[in-house]
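Coordinates in review
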Amino acid sequence: MAHSGDTMTVLVYSDDRNTRQKVMLALGRRPAADAPRVDYFECATPAAVIAKMDKGGVDLVILDGEAVPAGGMGICRQLKDEIYRCPPVLVLVGRPQDAWLATWCRADAVVSHPLDPVTLAASAADLLRQRAAARTPVS
């Protein structure tokens, strides 16, 4: 479990500002009572995602699989291939039947449109808890 002073960074990618806003609204400042607080980094282009990921400091990546010109599934695959110890990636898919494709892209979690705030927050909180546990030193 994260300490109360811990804050984690969530990158939210979509070419649609409304989708980014829905994601951030669903997660809020803390997606679950026992999850760390989050700060957001919004990206509207694939180049912005890659630039931010190259700088590091991202704890969870949320990618819109329906984004244009590059969907989140392709970006997910690229991040998992190119970044050592890539943070967890949650992909938003257009319909539940697309979940298999997001899994093939090595997404750590999948949520389908229309976005259900409770499902999205629960999925994000699980990934953030795992990330926090992985970076907490064992004493």
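This section reports on the structure supplied with the text. (Residues numbered from 1 in each chain as written. Predicted model: local features only at pLDDT ≥ 70, side-chain atom pairs only at ≥ 80, totals over all residues. Heavy atoms only, no water.)

A word on the packing of aromatic side chains
This structure, assessed with the given rule, holds zero aromatic pairs. A cation over a ring is seen here: Lys52 above Phe41, with NZ or CZ 4.8 Å from the ring centre. Looking at Arg77, its charged tip hangs above the ring of Trp104, at a distance of 4.4 Å from the centre. (Phe/Tyr/Trp six-rings, centres within 6.5 Å; stacked < 30°, edge-to-face > 60°. Lys NZ or Arg CZ within 6 Å of the ring centre and 35° of its normal.)

Quick word on the pairing of strand β4 (residues 89–93)
With respect to burial, β4 is a largely interior element, five of its five residues being buried. Burial along β4 is two-sided: the residues Val89, Val91 and Val93 and Leu90 and Leu92 are all buried. Bridging between strand β3 (residues 60–64) and β4 involves four bridges; their strand directions are parallel. Residue pairing in the sheet places Leu63 in a bridge with Val91 of β4. Of the pairings in the sheet, the one linking β4 to strand β5 (residues 109–112) comprises four bridges and is parallel in character. Looking at the pairing, Val91 lines up with Val110 of β5. (Buried < 20%, exposed > 50% of the residue type's maximum accessible area, 1.4 Å probe, protein only. Helix = DSSP H or I, 4+ residues; strand = E, 2+ residues; numbered from the N terminus. Pairing = 2+ DSSP bridges.)

A short note on helix α2 (residues 46–55)
Looking only at α2, the buried set comprises Val49, Lys52 and Met53. Buried residues of α2, seen end-on, are gathered within an arc of 100° and therefore sit on one face of the element. Opposite the buried face of α2, by more than 90 degrees, sit the exposed residues Ala47, Asp54 and Lys55. Of the surrounding elements, those touching the buried residues of α2 are β1 (7–13), β2 (37–43), β3 and α3 (72–82). (Arc of directions from axis to C-beta. Contact = heavy atoms within 4.5 Å.)

Considering the packing of helix α1 (residues 17–27) against helix α5 (residues 117–135)
It is the contact of α1 with α5, at a shortest axis distance of 8 Å, that shows an interaxial angle of 70°. Relative to α5, the element α1 lies roughly perpendicular. From α1, Val23, Ala26 and Leu27 reach across to α5, where they touch Pro117, Leu120, Ala121 and Ala124. Residues of the contact of α1 with α5, tallied by class, amount to seven nonpolar, no polar and no charged. (Axes fitted to C-alpha atoms, helices over the stretch in contact; angles between N-to-C directions. Parallel < 35°, antiparallel > 145°, perpendicular 65-115°, else oblique. Nonpolar A, V, L, I, M, F, W, Y, C, P; charged D, E, K, R; others polar.)

Shape descriptors only; they carry no functional weight alone.
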